[in-house]
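Each chain, written out:
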Amino acid sequence: MKQYVIGIDIGGTNTVIGVVSRAGDVLASDSIKTRDYPSLDNYVTTLSSRIQALSDRCGVSGNIEGIGIGAPNGNYYRGTIELAPNLPWKGVTIPLAQLIEGRTGIPTHLTNDANAAAMGEMTYGVARGLRHFIMITLGTGVGSGIIVDGNLLYGSTGFAGELGHVIVDRTPQARLCGCGRHGCLETYCSATGIARTARERLSYSVEPSLLRRIEPDKITSRDIYDAAVEGDAMAISIFRETGIILGRALADMCVFSSPEAIILFGGLAKAGDFIRRYTEEAMNENMLNIFHGTVRLLVSGLKDADAAVLGASALGWEKVVFEQNNVSSV
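In this report, we go over the structure that sits alongside the text. From a predicted model like this one, the values you see are computed outputs, not experimental measurements.

Time to look at the overall build of the chain. When you go through the chain residue by residue, the secondary structure sums to nine helices and 13 strands. At 20 Å, the chain has a C-alpha radius of gyration in line with the 20 Å of a compact globule built from 330 residues. Projected onto its principal axes, the C-alpha positions of the chain cover 65 × 45 × 35 Å. In the structure as shown, the chain presents an accessible area of about 14,700 Å², 50% of it carried by carbon and sulfur atoms. Mean positive and mean negative side-chain charge positions of the chain (29 and 34 charges, respectively) differ by 2 Å.

Quick look at the structure:
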């Protein structure tokens with residue numbers, strides 16, 4: 001009998017669901033708008049029904065071996081989402097793995113969304129063959145997955161590697177982060193952070209820009225990219241500023257795990273050289289001497305949804321194999 005798992009990527013904007021085969025093929029996928037569900041119960045109900053509908057559509061209902069979930073502030077040890085600032089259910093701990101397993105009857109396991117992306121990249125992307133790397137996800141927030149000796153680093157609490165919440169600005173004007181602190185990396189280098197930079201620049205500058213055609217509150221990272229492609233000087237300088245902040249932070253991150261590579265993933269990473277060039281320059285300029293020339297800066301080639309869903313599904317397979325081995329050893 002063929003085996004399949006469900007991979008789920010929960011983001012601040014969208015939740016993507018995929019049915020994945022043993023070969024790593026995504027048979028079909030679906031998505032729901034995370035922000036449309038302020039009620040956790042409604043979200044769990046909808047997500048569970050979509051899992052069943054997707055399984056039925058693929059003709060694999062009854063053959064799903066496990067469910068793997070990647071979520072912001074996901075705790076691998078407890079199967080919970082804990083105090084995620086960019087999700088609708090702020091300030092609470094959610095036993096999501098338990099809730100989904102209770103609704104579906106399928107063994108369910110959960111990890112941080114960036115950890116799931118790192119697993120997907122290690123299995124299917126540019127990190128194949130690497131045993132030491134850091135995955136940086138540049139989405140609604142900034143997440144990270146740290147691979148050491150081929151294994152994800154979880155730490156004692158399950159939350160090791162929240163690099164988006166490294167403080168990069170300690171001035172009185174430092175931006176307030178959704179986590180409640182000021183000056184976190186994600187307030188500057190996420191998709192929402194760079195849009196915030198654009199709004200600030202437009203408010204205190206008289207510099208002409210294509211971005212002035214857009215209502216400030218509606219500016220997105222894509223708008224900034226589109227303006228940069230058109231040669232807009234302000235948009236290009238915003239990417240430069242963002243890249244410098246990110247590059248300096250990445251140089252600091254290399255000190256504690258000595259990675260072979262740092263991989264950028266997510267929508268903002270797709271801005272190409274508009275951000276990569278300045279990030280790489282700042283990273284190398286601020287790198288501790290003993291690490292010079294040892295760390296590559298790479299950009300993921302996987303689709304955002306595919307990498308996260310495949311990574312989450314890899315968590316499902318990991319647990320299936322573990323449980324089968326335990327049974328065989330009894």
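Once you've had a look at it, read on.
Before going further, it helps to spend a moment on the environment of A97. As for its position among the elements, A97 is in helix α2 (residues 96-104). For A97, a relative accessible area of 7% puts it in the buried group. A C-alpha to C-alpha distance of 6.6 Å links A97 and T80, two positions 17 residues apart in sequence. Every residue in contact with A97, bar those within four places of it in the chain, is listed here: G79, T108, H109 and L110.

Once that is clear, we can look at the nonpolar core. With 39 residues, the main nonpolar core has I136, I224, L250 and I262 as its most contacted residues. Where this core is concerned, the elements lending two or more residues are β9 (133-138), β10 (142-148), α4 (186-189), α5 (191-204), α6 (221-229), α7 (233-257), β12 (261-265) and α8 (273-285). The element that contributes the greatest number of residues to this core is α7, accounting for 10 residues. Among residues more than four places away in sequence, those in contact with I224 are I194, A195, A198, L211, I219, A235, I238 and F239.

Here the focus is the packing of aromatic side chains. In total, this model carries seven aromatic pairs according to the counting rule given. With centroids separated by 4.7 Å and ring planes inclined at 55°, the aromatic side chains of Y43 and W89 adopt a geometry described as tilted. Of this pair, Y43 sits in helix α1 (residues 40-58) while W89 sits in the loop between β6 (80-82) and β7 (93-94), and the two are 46 residues apart along the sequence. W89 shares its class with Y43; the two are buried. Aromatic side chains Y225 and F274 sit 5.9 Å apart centroid to centroid with 80° between the ring planes, which places their arrangement in the edge-to-face category. Taken together, the residues Y225 in helix α6 and F274 in helix α8 connect sequence positions 49 residues apart. Aromatic rings pair up to connect Y37, Y43 and W89 into one cluster.

Each value, and the rule that gives it
Residues numbered from 1 in each chain as written. Predicted model: local features only at pLDDT ≥ 70, side-chain atom pairs only at ≥ 80, totals over all residues. Heavy atoms only, no water. Helix = DSSP H or I, 4+ residues; strand = E, 2+ residues; numbered from the N terminus. Rg over C-alpha atoms; globule rule 2.2 N^0.38 Å. Areas by Shrake-Rupley, 256 points an atom, 1.4 Å probe, with all protein chains shown as cover. Lys, Arg positive; Asp, Glu negative; His and termini not counted. Charge placed at Lys NZ, Arg CZ, Asp CG, Glu CD. Buried < 20%, exposed > 50% of the residue type's maximum accessible area, 1.4 Å probe, protein only. Contact = heavy atoms within 4.5 Å. Core = buried A, V, L, I, M, F, W, Y, C linked by side-chain atoms within 4.5 Å. Phe/Tyr/Trp six-rings, centres within 6.5 Å; stacked < 30°, edge-to-face > 60°.

Note that all results are geometric; they support no functional claim without further evidence.
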